[in-house]
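This is what each chain is made of:
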Amino acid sequence: MRRFLASSIGVTCAAALALPLAPSGAAAAAAAPGGTAPAVTRAAVTNGAGTPGSTQSLPLQPLDPDRASGAATFGLAPRSVRSFSLVGVIWDDPAAELHGQVQVRARAADTGVWSGWQDVETHNADHAADPETAERTSGRARGATAPLWVGASDGVEIRVRAESRSGSEAEPKAGSESTPLLPPGMRLELVDPGEDPPSEDTPSEDTPSEDTPSEGAESPDRNPGEGTGENTGQPSGQNPADGSAVIPADAPRTGVMSAEATAASAANAPLAPLGATEIPALNRAETEEEYHVLRGTEAAGQEANAGGQAPRAEPYIGPRPGIVTRSGWGADESLREKSFVYTDKVSAAFVHHSASGNNYTCAQAPSVIRSIYRYHTESMGWRDIGYNFLVDKCGKIYEGRAGGLANPVLGAHTLGFNSNSMGVAVLGTFSSTSPPAAAVTGVAQLTAWKLGLHGMDPSAKTYLTSGGGNLYAKGTQVRLNVISGHRDGFNTECPGGKLYDKLGTVRSAAAGYQGR
């Protein structure tokens, strides 16, 4: 399998004025078995787009056993902490599993009211880099639960209760070879996403429902950009309400960019100017022209037409949807590794849910993404956020792992099938809650465009080679839907039963966007 690295520093040689960011604070070493690790705070400086975030890391302590079952319990008593909005539990060994229940309570920063107990998804090892890859074997990776968004909070209580297992302990005794129910080195991670960068366009905070999408939401049978009020009769760049100047959504950030931020933005240079906060939507004709430019077929087509040959074949590709860039959601580019890693092509898209809960507004989505990004890099030890793209409940699409939206960036989203694929995460938990119609439409629009760039039919099937997992042994050729759910490649609940049930709708809508 061919993979290659692109140095983000090499990409930005021309950016002579770009200043590198200060590196984030190193995490304290994990406690030795039987010891207590100190609490640490990890923070990093941003590129000036917003207030920097941070992570508080607190070691869990033994608590009294559960009265009903006698199961061993670890956790922390209620306490005041610095502001945070997302929680998760990590441990030393990324291959170890947590066999038990994790529950947290948080105290709202604005009201001082404590929430009820909230469950944290413990089965998260299937969202990871493939076995034997550099990211997996870096020595930095840790085991972890899924992250849970709790909103701005300043107090926390947590309990981790082992599964009931007759005749065994939560952690093995000295000299024992039995597998512990609770992994050693558990820590509570409290992530503060920092403040949002300045925004010219704030989405509605109303949550569209499954049956009643928000007003103006695009349906699967309409191309992006059609019927959205773009033709207002006002001059371009003018507010239709009062005629004042309007800053375009894809306008570049002002100020000095770090070398890492410049590199991440430069990877999208064919699609938008350096520093753009959003890649604007295109209509079908514009998308097809861009396709030929990206694939180098524009000049070839012109030469063929001049020579009297048959005109070039138009691609099956969906109109490019608007996509918020990493700069747009306020990524701290000092957190990720500097190089970009690519796979050969994008033959399939795996759909996920973030399992981070549904208690966020669309306006908070950038904060949720910054929190997940920090959790993946600082807490779990990954090279970058694991997903290639994210979609919020209002259907807005966000750039995930850095390396270029049009490029086949290698992600860490579907253990065993990250090569030649992309991962799309819908923000939320959809085990028993139906995904909003706008989010389903967003996934269809995105996959119609990105899969079209790589010549893939969203309604077809393809073959991928397993890198190893609990469903398919390493090296197995597996026939999958071009748009699959995470559970199709790994024995997991993700992307939740309700979202998984919508993948047929996604496939047919995406194929329609491509003109099939």
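Residues numbered from 1 in each chain as written. Predicted model: local features only at pLDDT ≥ 70, side-chain atom pairs only at ≥ 80, totals over all residues. Heavy atoms only, no water.

### With respect to the overall build of the chain
Rules: Helix numbering and strand numbering both begin at the N terminus, where a helix is a DSSP run of H or I of at least 4 residues and a strand a DSSP run of E of at least 2. Relative accessible area decides the class of each residue, using a 1.4 Å probe on protein chains only: under 20% of the type maximum gives buried, over 50% gives exposed, and in between gives partly exposed. Residues are treated as being in contact if the distance between any of their heavy atoms lies within 4.5 Å. Using the Shrake-Rupley algorithm and a 1.4 Å probe, accessible areas are obtained, with residue cover drawn only from the displayed protein chains.
Assigned secondary structure in the chain consists of nine helices and 20 strands. Burial status across the chain gives 53% buried among its 516 residues. For the chain, long-range pairs separated by at least 24 residues make up 76% of all intrachain contacts whose partners lie at least 6 apart in sequence. Accessible surface computed for the chain: about 21700 Å², of which carbon and sulfur atoms make up 51%.

### A few points about the confidence of the model for the chain
Using the following cut-off: Here pLDDT means the predictor's own confidence in every residue, given as a number from 0 to 100.
Scored by pLDDT, the chain comes out at a mean of 81, with 73% of its residues at no less than 70. Counted against residues more than four places away or in other chains, residues 1-5, with its pLDDT under 50, gives 18 contacts. In the model, residues 7-36 has pLDDT below 50 throughout and makes 57 contacts with residues more than four positions away in sequence or in other chains.

### Here's the deal with helix 6 (residues 365-379)
Note that an α-helix has 3.6 residues per turn; residues three or four places apart therefore point the same way. The criterion, for reference: The length a helix should cover is 1.5 Å for every residue beyond the first.
Taking 1.5 Å of rise per residue, the 15 residues of helix 6 would be expected to cover 21 Å, and the 20 Å separating its terminal C-alpha atoms lies within 8% of that figure. With 15 of 15 residues buried, helix 6 lies mostly within the body of the structure. Just downstream of helix 6 lies G381, where phi reads positive at about 80°.

### Side note on the state of the cysteines
Rules: Cysteine sulfur atoms that pair up within 2.5 Å are treated as a disulfide.
Tallied over the entire structure, the rule returns one disulfide. Covalently, C362 is tied to C394 through a disulfide, its sulfur atoms 1.9 Å apart. Looking along the S-S bond of the C362-C394 disulfide, the torsion reads about 85°, which is the right-handed sense. Of this pair, C362 sits in the loop between strand 14 (348-353) and helix 6 while C394 sits in the loop between strand 15 (389-391) and strand 16 (397-399); the two residues are 32 residues apart in sequence, bridging distant segments of the chain. Judged by its relative accessible area of 0%, C362 falls in the buried class.

### Some points on the nonpolar core
Operational definition: Among buried residues, those of type Ala, Val, Leu, Ile, Met, Phe, Trp, Tyr and Cys that are joined through side-chain atoms within 4.5 Å constitute a nonpolar core.
Ranked by size, the top nonpolar core spans 37 residues in total, and within it I323, F389 and W449 carry the most contacts. Among the secondary structure elements, those contributing two or more residues to this core are strand 14, strand 15, strand 17 (421-426), helix 7 (437-453) and helix 9 (503-513). The greatest single-element share of this core, amounting to nine residues, is contributed by helix 7. Look past the residues within four positions of I323 in its chain and what remains in contact with it is E278, I279, F389, I397, Y398, E399, L405, L446 and W449. Counting 29 residues, the second-largest nonpolar core is a separate cluster that includes W329, A365, I369 and Y398.

### Thoughts on unusual backbone geometry
P495 follows C494 through a cis peptide bond whose omega is 15°. One can find P495 in the loop between strand 20 (483-485) and helix 8 (497-500). Phi at A355 takes a positive value of approximately 60°, unusual for a residue other than glycine. Position of A355 relative to the elements: it lies in the loop between strand 14 and helix 6. Assessed through its relative accessible area of 15%, A355 is described here as buried. Despite not being glycine, N420 has its phi angle at roughly 60°, a positive value. Within the secondary structure layout, N420 lies in the loop between strand 16 and strand 17.

### What to know about the pairing of strand 5 (residues 73-91)
The test is simple: DSSP calls a pair of strands paired once it identifies at least 2 bridges connecting them.
Where strand 4 (residues 61-63) meets strand 5, three bridges bridge the pair, whose relative direction is antiparallel. Bridging from a neighbouring strand, Q61 pairs with G75 of strand 5. Pairing of strand 5 with strand 9 (residues 148-162), which is carried by nine bridges, proceeds in the antiparallel orientation. Bridging from a neighbouring strand, S80 pairs with G155 of strand 9. Sheet topology note: the strand 5/strand 10 (residues 187-192) ladder contains five bridges and is antiparallel. Paired with V89 across the strands is L188, a residue of strand 10.

### Some words on the environment of Y342
We count it as follows: Within 3.5 Å is the distance limit for a polar contact, defined as a pair of N or O atoms, with the added protein rule that one can donate a hydrogen and the other accept it, and that residues adjacent in sequence qualify only through two side-chain atoms.
Inspection of the secondary structure puts Y342 in strand 13 (residues 339-342). Residue Y342 is classed as buried on the basis of its relative accessible area, which comes to 6%. Taking the C-alpha atoms as reference points, Y342 and N407, separated by 65 residues in sequence, lie 7.6 Å from one another. Side-chain polar atoms of Y342 contact the backbone oxygen of G403, separated by 2.6 Å.

### Some points on the side chain of R370
Mapping R370 onto the fold places it in helix 6. A relative accessible area of 6% places R370 in the buried class. Beyond its immediate chain neighbours, meaning those up to four positions away, R370 contacts P193, G194, E195, D196, P197, W329 and G330.

### A short note on helix 9
Regarding helix 9, the residues found buried are L503, V506, R507, A509, A510, A511 and Y513. Of the surrounding elements, those touching the buried residues of helix 9 are helix 3 (284-295), strand 14, helix 7, strand 19 (477-481), strand 20 and helix 8.

### Overview of the side chain of D392
Position of D392 among the secondary structure elements: in the loop between strand 15 and strand 16. Looking at D392, its side chain comes within polar contact range of the main-chain nitrogen of C394, at 2.9 Å.

### Focus: the sheet that holds strand 16
Across a sheet, paired strands are connected by hydrogen bonds in the backbone, their directions being either parallel or antiparallel. Quick note on the threshold: Fitted lines through C-alpha atoms give the axes, limited to the stretch in contact for helices. The angle between two N-to-C directions lies from 0 to 180 degrees.
Read from one edge to the other, the open sheet built from seven strands follows the order 11-12-16-15-17-14-20, with strand pairing classed as mixed. In this open sheet, the two edge strands, each paired with only one partner strand, are strand 11 (278-279) and strand 20. Note that strand 15 and strand 17 share three bridges and pair parallel. If you follow F389 over to strand 17, its bridge partner there is V424. Along the sheet face, helix 9 touches strand 14 and strand 20 and points at about 165° away from the line of strand 20.

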